[in-house]
Amino acid sequence: MTEPESENGKGPTNGAAGPQHYYSASYPHYHHVPPHMQHSPPPPVYQKDERTQRQYSKLKQKLERKHNSRNNGIEINSGASTPSLSPRKDLNGVGGGSGGASSGAWSEGEGSSAGASIQGDDDNDTQALLDLISATRTPQVSDMTPTSALVQWNSPLPEDVTLPNVELTYDLLLGDRGRYKAIYSGPSLSCRVRDLRPGCEYSVCLQIRAGELTGAASEAATFRAPAAPPERMAPARITQRARTSILLRWPSAVDNGAKVTHYVLEMDSGEGFVEITRPRTRQHTVNNLLPQTRYRFRVAAINECGRGEWSEETVVWTAGSPPPAPPPPELLSAQSTSLTLTWQRRSDEEFTLQMDDTARGHGFLPVYSGPDDIYVCEGLRRATDYRFRLRCETTDGQGPWSIEVSYRTSPERPGPPGRPFARGKIHSRAFRLRWDPPAEDGGAAVESYTLELDGGEGFDCAYRGPEREAHCDRLLPGTAYRARVRCANAAGESEWSASETIATEATCPGACAAPEPAGPARATLLPVRWRAPACEGGSPLTEYRLEVADDDGGVRLAHSGLETECTVRELLPGREYRAWVTACNRVGPGPPSPSLRFTTAPAPPDAPDAPSVRIESPRSALVEWTAPTDNGAPILHFRVEMSATNVDDAYSEVYRGAETCCHVGKLVPFTPYFFRVCATNSAGRGAWSAIRDALTPRAAPAAPAALRHESTADSLHLTWRSPASHGADILKYRVEVDDMAFETDGPTAERLVEGLSPDTVYRVRVAAFNELGLGAWSEEARASTRPRPPAPPVLRCAQTAHNYIRLEWDGRMEGAVYCVEMRAPEAKEFRPVYRGSARSCKVKKLREATTYTFRIRASEERAGRGAWSGPVSASTAQAPPPALRPPALALTSPRTALVAWDAVDDAEYVLQCTRGKDTVFKDTYSGSATSFVLEELEAGSEVGARVCAVRGGLAGAWSAAARLAVPAAAAPRARRPRPARALHPRHAALLMAAGFLLLAVLVAVLVQRLVEPRP
């Protein structure tokens, strides 16, 4: 609200200099207002009369005498103990003014010093002088605007009067409507008061403070802020709207100190705003407008100071013509208790639907009003006529009613008819039923009846027509039927009536259908199945009888039971048979079914005798056998299988044909074999014969397999899988490389061939030796030697930092892969740090100021790995120091504080501080010490500190800021001299607590330095 005037602005009337501040000119400054001055009534005003002038002269002479005494060698004993001050007592109605001293004073006694006595007299004299000069200084108000004013005052002390060791602070109080509040506190002799209300009267008075002593308030200076144009109004409201006129109203405006004389109303019809009237009232009716047209309005207030700002625009449309009569509503669907109506929408309009129930005679009544174009009229009576009409309504008015239309609700379904009952005698295959009409027809005549019967397979329709009696025939004997009936009218069908059960008389079952084969006929059996008879005679079946007859005329019972399928067994292969079935119930057996004729199938041959095996060579054998019995069908072929393990899953077919002998080749020497044989005819394959085994003689080894090689530039390392020895141990191997032959030293399945040409393709094959001779050669393979390995590139250091080193090298070989290894100073061996095809790499996570050794080699897919290069050394740079922990702040005296922080090896430190309300950190200290003392702190302010370490020209990160609140200094009060006394126990406890706190901070810093790991 206020701010002190700068030195370049208007100064005080006596030409005194501007305010002096604690901080430099580059720092922003703020003035503190004491808490006791936030809101207070105005202090009493003192008049400067003759008595006051005399008292002022006496005080001036006394101050001069004391000043001369100090200059002559009398000094205050700073080492004397300072007794605690008693609270100052306020004077009733005076507030410490008129030169009166406070009730608390020093008393003469033992232990008092000259310095203490002089200090007590100074406080009393200073208080009296403040009360005197505060009452004689009235502030002056100038340079007023509607919202601000400049307040100035003169220096209260004459040029030849000074207050010892005290700085004066001026408190400016602003009064508004009888209530005062402090708006400024500081050493400046002027300030700018802002945020005033135009046209309002204010008063200001001044109070002077010297340290903790406050003088009386000066005489109040009253001034009035100049008036200003009215403030911006709220937008106008539309109160009434017609086709050619609009009524506007707006709230009153804030006049800002000058009464509003009239208002200005402007309208925009599409060509810009034009003034239409200047009314004195807060409403106006605009006439002669066009229907259905958009207009914009704005209003402003005017007083003697001028026109205020325009209000926000008000947009409004004039009304139009009422809508015409709409088309009549249409029927969308009709129910027994509701009608769904719909109509057409032409624009943004609302509808009113009315209904007339002619039976009740109330006339048309509204049933719906809203914007929807569909409505469901509910709660109506069935089969009743209703009349409807519709009307549209818009913002322009209501239109005429539409043409009246009439719609009828649907009838309801009738109630269920009576339960059906039998009429006359019940026969085995027919009966007659009758039923009563429904008690409720649903508002429409019954048109038809539906009768359904359920004989156990669900209800089926037995009759449909208008009669209430039906004859039911084609029924099954001895069956219980459930009967039900329902009726139908124009609305639909009714619910089913209660069901009635009627049972027909039982008889013998009917004939079954001819039995059918359930599967193909076999040599000795045939599966047969049949279906139950269409009529069981009204009684459950007790059994089925299946009889079989052969060509000789013999008949036998093959099956008896309730099953509808069975297997006829004990038949002869290739014979013709007849079979039929008869159904029986409690009344008796029914007629036999038609016969089934079938012929049994032939059987597979029997198993042959065990075959005979004759060994012809280590790799071939002759197998012979005798043909078995064919069981009624010629043998088509024989099948011979062989196995080396005599396991069923391991047998494989080696022959299939009509002969009784076969030749088996491709046998493995010195290996047991097992043989079996079976015969097959049109009936299938017969059983296998007994197993016959045979052992092949020994032979030379088989051919080695899986020939592989590993190559270098001048050698081939050949390996292979050892072949089968065929009964004799392998003694050695023979290796042929092109036209050169080599032999191994024993049965080892590998051989190193040296003295070859680089990058050359050779033909390679291998054979094994045993005591029976040289075995078969392996498949010929092709092996190529590698090119010569690449030479290592030249490694160089491209870039270094405190935690990484970047290496580069020249690579001219396409497809080469490079491997870089590093050795740390304390390591004994190299370890890989990079592998890839790039021509540079970055080695990270290194220690600062450390020398590392690197080497490199190149490898190629075909040429292999090359030799290592010579070692290359590179060193990392010095790293910036780490961020420190927040410094420790501790008060050592009321206006000094000790700042301490952790130590870092070989580093200097930069300390930045901020004081008071200033949030900008500034350099305070730079050096190698780990502590610093802040002096001349402002009482009641907050001190912030942060520190960073600097090593080798590199600065680390700033620590977190630590803050310390400086306690406000206790207000000194005038006391009488009294003898010195011992330190109060409470003060002693506070001093001990401060000492322990300082000791704890120092111990914590020391422990942190011991525990924190070294970088």
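Calculation rules
- Residues numbered from 1 in each chain as written.
- Predicted model: local features only at pLDDT ≥ 70, side-chain atom pairs only at ≥ 80, totals over all residues.
- Heavy atoms only, no water.
- Core = buried A, V, L, I, M, F, W, Y, C linked by side-chain atoms within 4.5 Å.
- Buried < 20%, exposed > 50% of the residue type's maximum accessible area, 1.4 Å probe, protein only.
- Helix = DSSP H or I, 4+ residues; strand = E, 2+ residues; numbered from the N terminus.
- Phe/Tyr/Trp six-rings, centres within 6.5 Å; stacked < 30°, edge-to-face > 60°.
- Lys NZ or Arg CZ within 6 Å of the ring centre and 35° of its normal.
- pLDDT = per-residue confidence, 0-100.
- Contact = heavy atoms within 4.5 Å.
- Pairing = 2+ DSSP bridges.

Would you explain the nonpolar core in this entry?
Of all hydrophobic cores here, the largest spans 25 residues; its most connected members are Trp153, Leu172 and Val193. Top contributing element to this core by residue count: strand E8 (residues 201–210), with five residues. Formed by 21 residues, the second largest nonpolar core is a distinct cluster that contains Leu889, Ala945, Ala949 and Ala962.

Looking at this model, I keep getting lost on the packing of aromatic side chains. Mind explaining?
For any pair of aromatic rings, the description consists of the separation of the ring centres together with the inter-plane angle of the planes. Enumeration over the complete set of coordinates arrives at 22 aromatic pairs. Pairing Phe388 with Tyr407 gives two aromatic rings, centres 6.3 Å apart and planes at 40°, and the pair type is tilted. Placement of Phe388 in strand E24 (residues 385–394) and of Tyr407 in strand E26 (residues 405–408) is noted, with a sequence separation of 19 residues between them. Looking at Arg298, its charged tip hangs above the ring of Trp310, at a distance of 4.4 Å from the centre. A cation over an aromatic ring shows up here: Arg676 above the ring of Trp688, its NZ or CZ 4.3 Å from the ring centre.

Help me understand the confidence of the model for the protein, please; the structure alone is not making it clear to me.
Detail in the predicted coordinates should be disregarded across regions flagged by low pLDDT. This prediction gives the protein a mean pLDDT of 82; 85% of its residues lie at or above 70. Across residues 6–48 the pLDDT falls below 50, and counting only partners more than four positions away or on other chains, this stretch makes 81 contacts in the model. Predicted confidence for residues 72–120 stays below pLDDT 50, and this span has 79 contacts to residues more than four positions away or in other chains.

In this structure, what is going on with the side chain of Ser494? I would like to understand it.
By the secondary structure assignment, Ser494 is in the loop between strand E33 (492–493) and strand E34 (500–503). Aside from chain neighbours lying at most four places away, what touches Ser494 is Pro414, Gly415, Pro416, Pro417, Arg486 and Cys487.

Help me understand the pairing of strand E67 (residues 896–900), please; the structure alone is not making it clear to me.
Moving residue by residue along a regular strand, the side chains alternate between the two faces of the sheet. Burial within E67 is extensive, with five of its five residues counted as buried. Both faces of E67 are covered, namely the face carrying Thr896, Leu898 and Ala900 and the face carrying Ala897 and Val899. As paired elements, strand E66 (residues 888–893) and E67 share five bridges and run antiparallel to each other. If you follow Ala888 over to E67, its bridge partner there is Ala900. As consecutive antiparallel partners, E66 and E67 are separated by two residues. In this structure, E67 lies alongside strand E70 (residues 931–934), joined through four bridges in antiparallel fashion. Within the sheet, the bridge partner assigned to Leu898 lies in E70 and is Val933.

Looking at this structure, I do not really get unusual backbone geometry. What am I missing?
For residues besides glycine, phi is generally negative; the peptide bonds are generally trans as well. Not every positive phi belongs to a glycine, and Arg474 is a case in point at roughly 55°. Mapped onto the elements, Arg474 comes out in the loop between strand E31 (469–472) and strand E32 (480–489). The phi angle at Asp759 is positive, at roughly 50°, despite the residue not being glycine. On the secondary structure map, Asp759 appears in the loop between strand E54 (750–754) and strand E55 (761–770).

How should I be thinking about the pairing of strand E36 (residues 526–529) in this particular structure?
Across two bridges, strand E35 (residues 516–517) lies against E36 in antiparallel orientation. By the bridge assignment for E36, Pro517 is matched with Val528. Across four bridges, E36 lies against strand E39 (residues 565–568) in antiparallel orientation. Bridge pairing in E39 links Val528 to Cys566.

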